[in-house]
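Architecture at a glance
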Amino acid sequence: SLAVIEDDSLKDTKKDAEEGGDFKIIEISSLPDVEVGAKVEVRGMVTVLPGVFGSQYFYIHDTSEDGVEVYLYSKKFPSLSVNDFVSVRGVVTESNKRKRIKVAGKEGVRVVEKKNAVAPAERGVGDIGEEQVGNLVQISGEIVDKKKSFFYVDDGSGEIMVSLKKGVVIKTDLLQKGDFIIVSGVVVPAKDGFSILPRSGGDILLAETSSSTVGVA
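Note that this is a predicted model, so its numbers are computed, not measured.

1. Notes on the pattern of salt bridges
Overall, the coordinates contain six salt bridges when judged by the stated rule. With a shortest N-O distance of 3.8 Å, E41 and R43 are connected by a salt bridge. Judged by its relative accessible area of 18%, R43 falls in the buried class. A salt bridge links R89 to E41; the shortest N-O distance between them is 2.6 Å. In this pair, R89 sits in strand β5 (residues 84–95) while E41 sits in strand β2 (residues 39–48), placing the two residues 48 residues apart along the sequence. Accessibility assignment for this pair places R89 and E41 in one class, buried. Taken together, the salt bridges that share partners define one network made up of E41, R43 and R89.

2. Comments concerning unusual backbone geometry
Positive phi, close to 70°, is recorded for K75, a residue that is not glycine. With respect to the helices and strands, K75 occurs in the loop between β4 (66–71) and β5. Even without a glycine there, the phi angle at N83 is positive, about 80°. For N83, the location among the structural elements is in the loop between β4 and β5. Overall, N83 belongs to the buried group, its relative accessible area being 19%.

3. Re the environment of I28
Looking at where I28 falls in the secondary structure, it is placed in the loop between β1 (24–25) and β2. Spatially, the C-alpha atom of I28 lies 7.5 Å from that of R43, the residues being 15 residues apart in sequence. In contact with I28, not counting residues within four places along its chain, are V42, R43, I60, H61, D62, D66, G67 and V68.

4. Things to note about the nonpolar core
Side chains of nonpolar character tend, in soluble globular proteins, to be buried together. In terms of nonpolar packing, the biggest core is built from 30 residues, with F53, I139, F151, I181 and I196 touching the most fellow members. Elements that contribute at least two residues to this core include exactly β2, β3 (57–63), β9 (136–146), β10 (150–154), β11 (159–163), β12 (180–190) and β13 (193–197). The element contributing the most residues to this core is β12, with five residues. Among all residues touching I196, those that are not within four sequence positions of it are I128, V137, I139, I160, M161, V162, S163, V183, S184, G185, V186 and V187. I26, F58, V70 and V109 belong to the second-largest nonpolar core, a separate cluster that totals 20 residues.

Analysis parameters
- Residues numbered from 1 in each chain as written.
- Predicted model: local features only at pLDDT ≥ 70, side-chain atom pairs only at ≥ 80, totals over all residues.
- Heavy atoms only, no water.
- Salt bridge = Lys/Arg side-chain N within 4 Å of Asp/Glu carboxyl O.
- Buried < 20%, exposed > 50% of the residue type's maximum accessible area, 1.4 Å probe, protein only.
- Helix = DSSP H or I, 4+ residues; strand = E, 2+ residues; numbered from the N terminus.
- Contact = heavy atoms within 4.5 Å.
- Core = buried A, V, L, I, M, F, W, Y, C linked by side-chain atoms within 4.5 Å.

Right, here's the structure in full:
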């Protein structure tokens, strides 16, 4: 069942009517239960800006546990900042077996206010599965393998790939196999299970100091 938010302050605009129907206001956590093609409105804080993971989408979270990708084909997003609290109106679609929201244009994203940052949820690698896709998490462990655009972290409960997107500035030469690190990022599906996508160099800390960031925060 959908968790519907009652809010009389939000009224349908003329544009909404022209697009043919109301947008049901729901919690992000309800998206897995929503049918593809449904028109919905969700709210949350911007945690990943357009251009970081890809030019056509960004992420919002209402808590670290509940996040969603917001997709716009034209790439013409409104001006956004991390921690902007936004209202998103669009159609539920599916990509890589996960629900996302597709907006027709920048009018589908409205900045409401600025809020405090969403803190990532601490997780063991072995606890990360399908239910965590889209979540903002934090893991800690040892780098057991390292390539140019990704590396693997093992915390004793399991091993997971940390993928480095082109839009993320991270000085990978500061990372070495055997380093113990703390990684925050968004969980996404991967070929061999799941992967974590850091948002910036500030999402990777050397565990020995817990303060030395890798790259540009």
